[in-house]
Amino acid sequence: NIQPGYKYSLTDQIKVIWIDPDTCYADVIFSRYNDRYEKLMTSRGWYFFKKEKEDWKLFEVRSLPLE
């Protein structure tokens, strides 16, 4: 869901977790802001990547609650 007034996002924290040499996910905490630079919300997501041939492909995104 996109919040009313949403303008841009900034990454607050990112950590890469390797599942195997060809699969990993990025554990990302990010914040969304409006055009007045006011924070609208902070969220967390896992972005899963798999290497296919020589390219990395995003294959799944999971939204998570902040702890």
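Our structure is the block above this text.
Now for a description of the structure that goes with this document. (Residues numbered from 1 in each chain as written. Predicted model: local features only at pLDDT ≥ 70, side-chain atom pairs only at ≥ 80, totals over all residues. Heavy atoms only, no water.)

1. Some points on the side chain of Ser-43
The topology assignment puts Ser-43 in strand S3 (residues 39-52). The exposure class assigned to Ser-43 is buried, which follows from its relative accessible area of 15%. Apart from the residues lying within four places of it in its own chain, the contact partners of Ser-43 are Val-28, Ile-29, Phe-30, Leu-64 and Leu-66. (Helix = DSSP H or I, 4+ residues; strand = E, 2+ residues; numbered from the N terminus. Buried < 20%, exposed > 50% of the residue type's maximum accessible area, 1.4 Å probe, protein only. Contact = heavy atoms within 4.5 Å.)

2. Some thoughts on the environment of Pro-65
On the secondary structure map, Pro-65 appears in the segment after strand S4 (55-64). Take Pro-65: its relative accessible area is 63%, and that puts it in the exposed class. Each C-alpha atom of the pair Pro-65 and Asn-34 lies 21 Å from the other, and the pair is 31 residues apart in sequence.

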